Amino acid sequence: IHTKMSVFGTCSLQTALDIIRSAYDDEILKNPARFFVDAHPLAVTFFVMCLLSLVCLVLSEITGHLSYVDKLWSILPPLYAVYFLYSDYRDSLNGKLNDRIVLMTALPLLWGTRLTWNFARKGGYSLHEEDYRWPVLRQSMPRIALSLLDLFFISTFQHLLLFLIILPIHFAYQARSFSPQLNALDYVAAALFLILLLGETIADQQQWNFQNEKYRRINAKQSLTGDYKVNLLFLRRFL
């Protein structure tokens, strides 16, 4: 019972908030140069999230481009996870990594690789490429309303979501000494993740093939039939 209570206390959300607050009260003020090396990974990733939120907000307001977070969407969660893995290695007495943290880093890396590749081949990392949502909102919203949306959602809340994606690895990091070995639930969850990832990868390729064929027909001035003709306005603007 005492062990279970210890794990719960170590992995609670209140403990997570205390870790972040204490890091800013002590480490970043006393020795900011060592913050990224020595601080708790939750505090470091939270700091990076806040910093990038501010950078994206400033850039989007200056340039009017609202897809900076979109370009980071598939990159940040794997990087956050890798930093937790680094911290596990840093804190290990014998240099042995925790199996669960290794697994919880490998899976986001696979997810991020798939999403980054798919985004890149569509030209998503072009400086002028913007998600279809933002031009639609720009045309239908006053400038001040769009800036408020940017402040509270586009450049801030979306970054918080990316941070929350990796929050489970924080709890695994906190409990690594209580439960160092993988169990049946880990294997089942990993298998389910891989199955879903495979499904997403297949769907990505199907959409890619569909769009290439659609635009081939449009450029060749061929008539669109079947699925290529359904909801053509949406297909042209948004997919």
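Structure report, in brief. (Residues numbered from 1 in each chain as written. Predicted model: local features only at pLDDT ≥ 70, side-chain atom pairs only at ≥ 80, totals over all residues. Heavy atoms only, no water.)

1. Structural notes on the overall build of the protein
Part 1: Summing up its helical and strand segments, the protein has 13 helices and zero strands in all.
Part 2: Looking at the 239 residues of the protein, the share that counts as buried comes to 34%.
Part 3: Here the analysis covers contacts within the protein between residues at least 6 apart in sequence; of these, 72% occur between residues at least 24 apart.
Part 4: Surface accessibility of the protein: about 14200 Å² in total, with carbon and sulfur atoms responsible for 69%. (Helix = DSSP H or I, 4+ residues; strand = E, 2+ residues; numbered from the N terminus. Buried < 20%, exposed > 50% of the residue type's maximum accessible area, 1.4 Å probe, protein only. Contact = heavy atoms within 4.5 Å. Areas by Shrake-Rupley, 256 points an atom, 1.4 Å probe, with all protein chains shown as cover.)

2. Remarks on the environment of Leu160
Part 1: Here Leu160 shows up in helix 10 (residues 157-165).
Part 2: As a C-alpha pair, Leu160 and Ser53 span 107 residues in sequence and 8.6 Å in three-dimensional space.

3. As for helix 7 (residues 99-121)
Every α-helix carries 3.6 residues per turn, so stepping three or four residues along brings you back to the same face.
Part 1: For helix 7, built from 23 residues, the straight-helix expectation of 33 Å at 1.5 Å per residue is met to within 8% by its first-to-last C-alpha distance of 33 Å.
Part 2: Along helix 7, the positions that sit buried rather than exposed are Arg100, Ile101, Thr105, Leu107, Pro108, Trp111, Gly112, Arg114, Leu115, Asn118 and Arg121.
Part 3: Buried residues in helix 7 make contact with helix 6 (76-91), helix 11 (167-174) and helix 12 (184-219).
Part 4: If you check the start of helix 7, you find a side-chain oxygen 3.0 Å away from the backbone N of Arg100, and it comes from Asn98.
Part 5: Positive phi shows up at Gly123, right after helix 7, with a value of about 85°. (Expected span 1.5 Å × (residues − 1). Polar contact = N/O pair within 3.5 Å; in protein donor to acceptor, adjacent residues only side chain to side chain.)

4. Regarding helix 11
Part 1: Most of helix 11 sits inside the fold, with six of its eight residues counted as buried.
Part 2: Among all positions in helix 11, only Leu167, Ile169, His170, Ala172, Tyr173 and Gln174 are buried.

5. Observations concerning the pattern of salt bridges
Proximity of charged atoms lets side chains of opposite charge pair with each other.
Part 1: Summed over all chains, the structure comprises 13 salt bridges.
Part 2: The salt bridge involving Arg133 is made with Asp70; its shortest N-O contact spans 3.4 Å. Pair noted here: Arg133 is in helix 8 (residues 133-140) and Asp70 is in helix 5 (residues 68-72), with a separation of 63 residues, a long-range link.
Part 3: The partly exposed category is assigned to Arg133, whose relative accessible area is 31%. (Salt bridge = Lys/Arg side-chain N within 4 Å of Asp/Glu carboxyl O.)

6. Topic: unusual backbone geometry
Part 1: Although it is not a glycine, Lys221 sits at a positive phi angle of roughly 60°.
Part 2: Within the secondary structure, Lys221 sits in the loop between helix 12 and helix 13 (232-238).

7. A few points about the side chain of Gln174
Part 1: In this structure, Gln174 sits in helix 11.
Part 2: In terms of polar contacts, Gln174 uses its side chain to reach the side chain of His40, at 2.8 Å.

8. Examining the packing of aromatic side chains
Part 1: Under the defined criterion, the tally for this structure stands at five aromatic pairs.
Part 2: Considering the side-chain rings of Tyr83 and Tyr86, the 5.4 Å spacing of their centres and the 50° angle between planes classify their relative orientation as tilted. With a gap of three residues between them, Tyr83 and Tyr86 both fall in helix 6, about one helical turn apart.
Part 3: Tyr86 gets classed as partly exposed once you look at its relative accessible area, which sits at 34%.
Part 4: Seen in terms of ring centroids, Phe84 and Tyr173 are 5.8 Å apart; in terms of plane orientation they differ by 75°. Their pairing is edge-to-face. Residue Phe84 is located in helix 6, and its partner Tyr173 is located in helix 11; the two are separated by 89 residues in the primary sequence. Taken individually, Phe84 and Tyr173 each receive the classification buried, so the pair is uniform in this respect.
Part 5: Above the ring of Tyr173, the side-chain terminus of Arg176 is found at 3.8 Å from the ring centroid. (Phe/Tyr/Trp six-rings, centres within 6.5 Å; stacked < 30°, edge-to-face > 60°. Lys NZ or Arg CZ within 6 Å of the ring centre and 35° of its normal.)

9. Brief notes about the environment of Gln174
Part 1: Using a relative accessible area of 14% as the deciding quantity, one classes Gln174 as buried.
Part 2: Each C-alpha atom, one on Gln174 and one on Thr15, is 9.8 Å from the other, the two residues being 159 residues apart in sequence.

10. Observations regarding the nonpolar core
Part 1: Core analysis: the largest hydrophobic core is formed by 20 residues, its most contacted members being Leu42, Tyr80, Phe84, Ile101, Phe163, Ile166 and Ile169.
Part 2: Mapped onto this core, the elements with two or more residues apiece are helix 2 (13-30), helix 4 (41-63), helix 6, helix 10 and helix 11.
Part 3: No other element matches helix 6, which puts five residues into this core.
Part 4: Counting five residues, the second largest nonpolar core, distinct from the first, contains Phe35, Ala43, Val44 and Tyr83. (Core = buried A, V, L, I, M, F, W, Y, C linked by side-chain atoms within 4.5 Å.)

11. Details of a nonpolar patch on the surface
Part 1: A cluster of nonpolar side chains, contributed by Ile144, Leu148, Leu151 and Phe152, occupies part of the molecular surface with about 410 Å² of accessible area.
Part 2: By secondary structure assignment, the location of Leu148 is in helix 9 (residues 143-154). (Patch = residues over 30% accessible without salt bridge, like charges linked within 9 Å, V, L, I, M, F, W, Y side chains within 5 Å.)

Distances and angles like these do not, on their own, reveal function.
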